[in-house]
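# Coordinate analysis (summary)
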Amino acid sequence: LLKGPPRDAESLCLKTGAVGHTLVLVDKTDPWSEIQAGRLKRLVKKIGDELPADRMLSIYVFNDLFEPGFPPLLSLCNPGRTASELIGNPRRDYVRWVEKFGRPLDDALAILTQPAKGNLSPIVEAVGDVVSRPETRVRDGDKALVLVSDMLQNSNQFTVFGSNAAARDPERLKRLVGKVWTDSGAKAWQLQVHQVQGVYDAQRLEQAGSLWQQTLRGLNIPFVWERL
């Protein structure tokens, strides 16, 4: 009874499976400022601190060299103590949880806040990839997708850049998002978008944000939209 229910030694999830899943997907195709990196760290720390017991937290990061099946930086369940409590009590009985949950979270954040840059930004494709995987499914509880990106989609299927009007057609983005949401099972996820105010001018970022929000509403996809 004191040991509690059996858990997987690596993921810390219950042997019967995680109860709920929060998946943080970070777009690292453009460089971030120190201020933005700090905001990202606070966002992920807050998610970790508030993660309920037995819920899974996964952090994925993608860049322009996107390949399907890219591994997570971290994928663990909260064994019953929040990250802040674990890190704050390293001398007590929670040392094992510090090693398995708190410290990997800090290591992942250190990687996330490093600068990066790329030519492509396959945001929709990355979303479809991670939410369709068997390992991101859970037996019970809700699933929340936290997307951290400047939302400047730039791939062969749709781009906000360039002079090719056909490639920038809003209907093209709507078809792409609609297909991904249907085929990948993304409808089962609660979407939160934290739009990074990156290296591009505010007007371009505002246009991209408006386009995405219009697209999501047109497809009846519920979302929460915030700036990072």
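What you see is a predicted model; the values in this text were computed from it and never measured.

## Some details on the overall build of the chain
- Per the secondary structure count, the chain includes 6 helices and 6 strands.
- Expressed as a percentage of the 228 residues in the chain, the buried residues total 48%.
- Taking all contacts inside the chain whose residues are at least 6 apart in sequence as the whole, residues at least 24 apart take part in 76%.
- As displayed, the chain offers around 11,700 Å² of accessible surface, 50% of which is attributable to carbon and sulfur atoms.

## Looking at the packing of aromatic side chains
- Following the criterion strictly, the structure yields 2 aromatic pairs and no others.
- Considering the side-chain rings of Y60 and F70, the 5.8 Å spacing of their centres and the 90° angle between planes classify their relative orientation as edge-to-face. In this pair, Y60 is assigned in strand β2 (residues 56-62) and F70 in the loop between β2 and β3 (74-77), connecting sequence segments 10 residues apart.
- With a relative accessible area of 2%, Y60 lands in the buried category.
- Arranged with centres 6.2 Å apart and planes meeting at 85°, the rings of F223 and W225 form a pair that is edge-to-face.
- You can call W225 buried: its relative accessible area is 18%.
- Between the NZ or CZ atom of R133 and the centre of the ring of F70, over which it lies, the distance is 4.9 Å.

## Focus: the pairing of β2
- Among the 7 residues in β2, 6 count as buried, and that is most of the element.
- Taken together, the 7 bridges between strand β1 (residues 19-27) and β2 define a ladder with parallel strand orientation. Across the sheet, residue L25 finds its bridge partner in β2, namely Y60.
- A crossover links β1 with its parallel partner β2, the connecting element being helix α1 (residues 34-49), and its sense is right-handed.
- With 4 bridges joining them, β2 and β3 adopt antiparallel strand pairing. Counted as the bridge partner of M56 is C77 from β3.

## Examining the state of the cysteines
- This model, assessed by the stated rule, comprises 1 disulfide.
- Across the disulfide from C13 sits C77; the S-S distance is 2.0 Å. One disulfide, between C13 and C77, carries an S-S torsion of 80° and so falls in the right-handed class. Residue C13 is found in the segment before β1, and its partner C77 is found in strand β3; the two are separated by 64 residues along the sequence. Like C77, C13 is buried.

## Quick word on the confidence of the model for the chain
- Across the chain, the average pLDDT comes to 85, with 89% of residues at or above 70.
- Here helix α2 (residues 83-88) stands out as the least confident element of the chain, with mean pLDDT 54; strand β5 (residues 189-195) is the most confident, with 97.
- Here residues 89-93 scores under 50 on pLDDT; set against residues more than four positions off or in separate chains, the count is 3 contacts.

## So, the side chain of T159
- Tracing the backbone through its elements, the reader meets T159 in the loop between β4 (140-149) and α5 (170-183).
- Polar side-chain contacts of T159 include one of 2.7 Å to the side chain of N154.
- A distance of 3.0 Å separates a polar atom in the side chain of T159 from the backbone nitrogen of F161.
- In contact with T159, not counting residues within four places along its chain, are Q153, N154, A167 and R168.

Cut-offs and rules
Residues numbered from 1 in each chain as written. Predicted model: local features only at pLDDT ≥ 70, side-chain atom pairs only at ≥ 80, totals over all residues. Heavy atoms only, no water. Helix = DSSP H or I, 4+ residues; strand = E, 2+ residues; numbered from the N terminus. Buried < 20%, exposed > 50% of the residue type's maximum accessible area, 1.4 Å probe, protein only. Contact = heavy atoms within 4.5 Å. Areas by Shrake-Rupley, 256 points an atom, 1.4 Å probe, with all protein chains shown as cover. Phe/Tyr/Trp six-rings, centres within 6.5 Å; stacked < 30°, edge-to-face > 60°. Lys NZ or Arg CZ within 6 Å of the ring centre and 35° of its normal. Pairing = 2+ DSSP bridges. Right-handed = clockwise from strand over helix to strand, strands pointing away. Disulfide = S-S within 2.5 Å. pLDDT = per-residue confidence, 0-100. Polar contact = N/O pair within 3.5 Å; in protein donor to acceptor, adjacent residues only side chain to side chain.

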